[in-house]
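As a plain string of letters, each chain reads:
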Amino acid sequence: MTAPAGTLGVLGGMGPAATAEFLRLLAALVPATTDQEHPRIMMLSEPSIPDRSDSLLDGSDAPLAGILDGLTTLTGWGADLLAVPCNTAHVYIDRIRDELPVPLVHIVDATLQAARLLSPTGGWLTATSGTVAAGLYQRRAAELGYRLLVPAPGMQELIQEAAVLVKAGHTEHAGRVFASAVRSLWRRERLPVVTACTELPLAYDSAGLPEGMTVSSLGALASACAHELYVTPLLRAGAPLTLARA
């Protein structure tokens, strides 16, 4: 086993705790047994990018320039593949994706693919209010024919609160808030929770909820990046490879 030839560029800081967890998951998922077999990663943490959810709800394009500048910087540094561990940012990324000179691993596609594998009958969408309002996941799920349930406004407020609490460093409190929302959703229909905000997997882990009842967008993105870095080049060469599971 050798390290993949490509370099992954990660635009992080949206938020910092989610970015750190993404890098941890990626390190756990890749088929490496030595330091030298891990992928080369360039990470730009840019927490100054305006809040994506608030901007979407306000009809603002404020995050767009920072996202484009960050991705352009990473490609200028030599990144061959891009990833952004922030779901809501992908509303803006979808508008500039054709301008990027290298491929980007799309968190929505990765997460919905994982959701379809875990629960073919459907799942609950838990995301920021901006992501929900933009229809980012709902549109793609409809294209795939996947049943994605959207929480009622009262539950959505709790889910948004949980994401904000993680950003503020109050993960235990976030877990309690998120657990309350998730249990309410499960009283309506017990389907896995798709944590389509990268803070929410941290809230879910803190909530003490069942492991097999969630699809982490962070885990899905890390798995998809590992696949693109290690498996896809070998598949093209006719030598399939199995990845570890986090």
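Note that the structure is a prediction, hence the values are computed from the model and not measured.

Colleague: Lay out the nonpolar core with the relevant residues and their values.
Modeller: If you look at the biggest cluster of nonpolar residues, it comprises 34 residues, and the most contacted ones within it are Leu8, Phe22, Leu26, Tyr137, Leu148 and Cys225. Secondary structure elements with two or more residues in this core: β1 (7–12), α1 (16–29), β3 (81–83), α5 (107–118), α7 (136–144) and α11 (217–236). By residue number, the principal contributor to this core is α11, which donates seven residues. Here Leu26 is in contact with Leu8, Ile41, Ala222, Cys225 and Ala226, once residues within four sequence places are set aside. Ala174, Leu191, Ala207 and Leu209 belong to the second largest nonpolar core, which has 25 residues in total.

Colleague: Mind laying out the side chain of Ser217, listing which residues take part and the relevant values?
Modeller: Relative to the assigned elements, Ser217 resides in helix α11. Taking relative accessible area as the criterion, Ser217 reaches 0% and is therefore assigned buried. For Ser217, the side chain forms a polar contact with the main-chain oxygen of Thr195, separated by 2.7 Å. Dropping the residues within four chain positions of it, Ser217 is found in contact with Asn87, Ile107, Thr111, Tyr137, Thr195, Ala196, Cys197, Thr198 and Pro201.

Colleague: Explain the packing of aromatic side chains to me, using residue names and the numbers behind them.
Modeller: Taken as a whole and judged by the stated rule, the model has one aromatic pair. On the basis of an interplanar angle of 70 degrees and a centroid distance of 6.4 Å, the ring pair of Phe178 and Tyr204 is categorised as edge-to-face. Remark: Tyr204 occurs in helix α10 (residues 200–207) and Phe178 occurs in helix α9 (residues 171–188); sequence separation between them is 26 residues. Each of the two residues, Phe178 as well as Tyr204, counts as buried. Lying across the ring of Trp186, Arg190 places its NZ or CZ 4.4 Å from the centre.

Colleague: Just give me the short version of the packing of helix α8 (residues 153–167) against α10, but keep the residues and values in it.
Modeller: Direction vectors running N to C along α8 and α10 enclose 95 degrees, while the axes themselves pass 9 Å from each other. Put simply, α8 runs roughly perpendicular to α10. Across the interface between the two elements, Ile159, Ala162, Ala163 and Val166 of α8 pack against Leu200, Leu202 and Ala203 of α10. Residue composition of the contact of α8 with α10, by class: seven nonpolar, no polar and no charged.

Colleague: I'd like a rundown of the sheet that holds strand β4 (residues 104–105), residues and numbers included.
Modeller: Taking strand neighbours across the sheet as the criterion, the four strands line up as β2-β1-β3-β4 in an open arrangement whose pairing is parallel. Edge strands, defined here as strands with exactly one partner in the open sheet, are β2 (40–45) and β4. Of the pairings in the sheet, the one linking β1 to β3 comprises three bridges and is parallel in character. Residue Val10 lies in a different strand from β3, and its bridge partner there is Ala83.

Colleague: How would you summarise α10 if you had to cite specific residues and measurements?
Modeller: Most of α10 sits inside the fold, with six of its eight residues counted as buried. When we look at burial in α10, the residues that qualify are Leu200, Pro201, Leu202, Ala203, Tyr204 and Ala207. Remark: Gly208 follows α10 within two positions and exhibits a positive phi of approximately 75 degrees.

Colleague: Could you give me a rundown of unusual backbone geometry, with the residues and numbers involved?
Modeller: Between Met14 and the following residue, Gly15, the backbone shows a cis peptide bond with an omega angle of -5 degrees. Here Gly15 lies in the loop between β1 and α1.

Colleague: Outline the pattern of salt bridges, supporting the account with residue identities and numerical values.
Modeller: The tally for this structure, following the rule as stated, stands at six salt bridges. Connected through shared salt-bridge partners, Asp109, Arg140 and Glu143 make up one network.

Colleague: Residues and numbers for the environment of Val105, please.
Modeller: Its place among the elements puts Val105 in strand β4. You can call Val105 buried: its relative accessible area is 8%. In this structure the C-alpha to C-alpha distance between Val105 and Ala224, which are 119 residues apart in sequence, comes to 7.0 Å. Once you skip the residues sitting within four places of it in the chain, Val105 turns out to touch Leu81, Leu82, Ala83, His90, Leu221, Ala224, Cys225 and Glu228.

Colleague: Now, about the pairing of strand β5 (residues 123–126): what can you tell me, with residues and values included?
Modeller: Pairing analysis gives two bridges linking β5 to strand β6 (residues 148–149), with the strands arranged parallel. Across the sheet, the residue bridging to Trp124 is Leu149, located in β6. Sheet topology places β5 next to strand β7 (residues 193–195); three bridges connect them, and they run parallel. Bridging across to β7, Thr126 finds its partner in Thr195.

About the criteria used
Residues numbered from 1 in each chain as written. Predicted model: local features only at pLDDT ≥ 70, side-chain atom pairs only at ≥ 80, totals over all residues. Heavy atoms only, no water. Core = buried A, V, L, I, M, F, W, Y, C linked by side-chain atoms within 4.5 Å. Buried < 20%, exposed > 50% of the residue type's maximum accessible area, 1.4 Å probe, protein only. Helix = DSSP H or I, 4+ residues; strand = E, 2+ residues; numbered from the N terminus. Contact = heavy atoms within 4.5 Å. Polar contact = N/O pair within 3.5 Å; in protein donor to acceptor, adjacent residues only side chain to side chain. Phe/Tyr/Trp six-rings, centres within 6.5 Å; stacked < 30°, edge-to-face > 60°. Lys NZ or Arg CZ within 6 Å of the ring centre and 35° of its normal. Axes fitted to C-alpha atoms, helices over the stretch in contact; angles between N-to-C directions. Parallel < 35°, antiparallel > 145°, perpendicular 65-115°, else oblique. Nonpolar A, V, L, I, M, F, W, Y, C, P; charged D, E, K, R; others polar. Pairing = 2+ DSSP bridges. Salt bridge = Lys/Arg side-chain N within 4 Å of Asp/Glu carboxyl O.

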